[in-house]
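Results of the structural survey
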Amino acid sequence: MDPLSTIHHPDYRYNAHHLVKLSDIGPGLLLAATGIGVGDMVSSTIAGAEYGLTLVWALAAGVVLKFAITEGAARWQLGTGTTLIQGWRDHLPRAAVLAFFVYFIVWSYFVTSALVAASALVPAAIVPSVPLPVWGVIHAVGAFTMVWFGRYERFLAIIKWFIGLKFGAIIASALLIVLWSGADWSRAGARSPFSTAYTLSLIGGVGGTVTLLSYGYWMREAGWSGSERLASARSDLTVSFSLVFIFCISMIFLATQIDWSGQILDEGPRLCLLLADRIGQEIGPVGRGVFLLGFWGAAFSSVLGVYHGVPFLFDDMLHLWRRQPAGGQRGTPYRFWGAYLALAAISALVIRRPVWLVFAYTVVGSMFFPFVISTLLWLNNRQNVRATRNGLLVNVVLSAALVLYAFLAVEAF
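Note that the coordinates shown come from a computational prediction; the quantities given were computed from them, not determined experimentally. Within each chain, residues carry numbers counting from 1 in the order of the written sequence. For a predicted model such as this one, the threshold for reporting local features is a pLDDT of at least 70, and the threshold for listing and counting side-chain atom pairs is 80 or more; totals across whole chains, interfaces and linings nevertheless cover every residue. To get the side-chain values, take all heavy atoms of the structure and skip hydrogens and water.

Residues belong to a common nonpolar core when they are buried Ala, Val, Leu, Ile, Met, Phe, Trp, Tyr or Cys residues joined through side-chain atoms within 4.5 Å. Exposed residues in this analysis have more than 50% of their type's maximum accessible area, buried residues have under 20%, and partly exposed residues fall in between, with area computed by a 1.4 Å probe over protein chains only. Membership of the largest hydrophobic core comes to 130 residues, with the highest contact counts inside it found for W88, F104, F291, Y307 and I373. The numbering of helices and of strands both runs from the N terminus, where a helix is a DSSP run of H or I of at least 4 residues and a strand a run of E of at least 2. The greatest single-element share of this core, amounting to 17 residues, is contributed by helix 12 (residues 285–321). Once you skip the residues sitting within four places of it in the chain, W88 turns out to touch V97, F100, L213, F368, F371, V372, T375 and L379. The contact definition used throughout considers only heavy atoms, calling two residues in contact when any of these lie within 4.5 Å.

All right, on to the side chain of S214 then. Note that S214 resides in helix 9 (residues 214–221). The buried category is assigned to S214, whose relative accessible area is 1%. What S214 contacts, discounting residues up to four positions off in sequence, is G309, V310 and L313.

We now examine the pattern of salt bridges. Any carboxyl oxygen of Asp or Glu that lies within 4 Å of a side-chain nitrogen of Lys or Arg is treated as forming a salt bridge with it. This model, assessed by the stated rule, comprises four salt bridges. We note a salt bridge from R288 to D277, for which the minimum N-O separation is 2.8 Å. Remark: D277 occurs in helix 11 (residues 270–283) and R288 occurs in helix 12; sequence separation between them is eleven residues. The network of salt bridges with common partners includes E71, R75 and R234.

When the centres of two rings from Phe, Tyr and Trp lie within 6.5 Å, Trp using its six-membered ring, the rings pair. Their planes under 30 degrees apart give stacked, over 60 give edge-to-face, and anything left gives tilted. All chains considered together, the criterion is met by 21 aromatic pairs. The structure contains a cluster of three or more aromatic residues connected by ring pairs, namely W88, F100, F101, Y103, F104, W107, F314, F336, W337, Y340 and F371. Working rule: Lys NZ or Arg CZ, within 6 Å of ring centre, within 35 degrees of ring normal, means a charge sits over the ring. For the cation-ring pair, R335 lies above W148, with the distance from its terminal atom to the ring centre recorded as 4.4 Å.

Here we take up the environment of R89. By secondary structure assignment, the location of R89 is in helix 4 (residues 84–91). R89 gets classed as partly exposed once you look at its relative accessible area, which sits at 23%. Residues R89 and M317 lie 228 residues apart in sequence; the distance between their C-alpha atoms is 8.7 Å.

With that out of the way, let us pick up helix 13 (residues 332–350). Working rule for helices: expected span equals 1.5 Å times residues minus one. Look at helix 13: 27 Å from first C-alpha to last across 19 residues, which is about the 27 Å you get at 1.5 Å a residue. Along helix 13, the residues classified as buried are P333, Y334, W337, G338, L341, A342, A344, A345, A348 and L349.

In short, geometric facts, not functional conclusions.
Quick look at the structure:
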């Protein structure tokens, strides 16, 4: 059972029939591939380099929070047969949905720009004769093409390969460090005072932001519907966020084992190239190459996941805003938004501002959570929708998250 099993609504009973088969695990892998990207690598590296293991609590809090949010949205969809965005349309003021749509446009620009720019860093470092913007265009067009022609099953097979690549590379890098020189636990402490901004970035960025809403559409692509699929979704999400935690704590540990000097917080995604160079100094060029491969896999798999999952949200919002039947399908609006993501990334490369985008989009993405948490507390506690009701534990987790975001926001200003 998953770590938040007590969130079941009162009518749920556990039995062996509800156990998910390994072959059923899929939407969660797409979510993990999308959510574990360059933002997690940068935030985790900073956490380890500047704060040692003292921010592991923030990593754990972020994982638990993202699990609760995604499970709540999935429970709403499986219990009501409508997406969370449809729930917003039916139960929230129209202005709230419009505000989210405007936010979604801005967020989409940030996320695609940051991820494509980061994906281009590795080949640009290996083949510097080809400018970074050219590599970025290649990644953006390549991802768009793969999503355009890739149906769910084919796309899932590609993502599984990327999951293996980035996890194998990052965990191998950590193991090589330990086997080469042994773990130095004296570096586990913080070398910098507590930072509200980076704590918020770690909690808000780990495991994805708006991309969490794509999970419901991937469930639909996989043919999951009805409350009987809730146990499968919970097990699937447990696998997904376990992978997120393992990946990020491996990155934090790696960063604690490197001898850092000087200020590193303004390096942006290039920080991961710096980390690769430091790993190369510790264990040689093979270690550097392994880590770079994992960095590229994490960045580009996020690009693929965003290009595949985020356009579903645009299609759904567009249909609902026009008072048409529910969207979230692979139609013309879906493909239009995929093209927007690619063109937005290319435009950001042209204006040459890739460095600040990763941290910017994780902070901007954090603004999304108070809104979605509040709506889940409202929608999933409604008396007339018993099948989606929150349990006590989820209400506590989501309420505590709202308090935490309020505290961090006050501290930031």
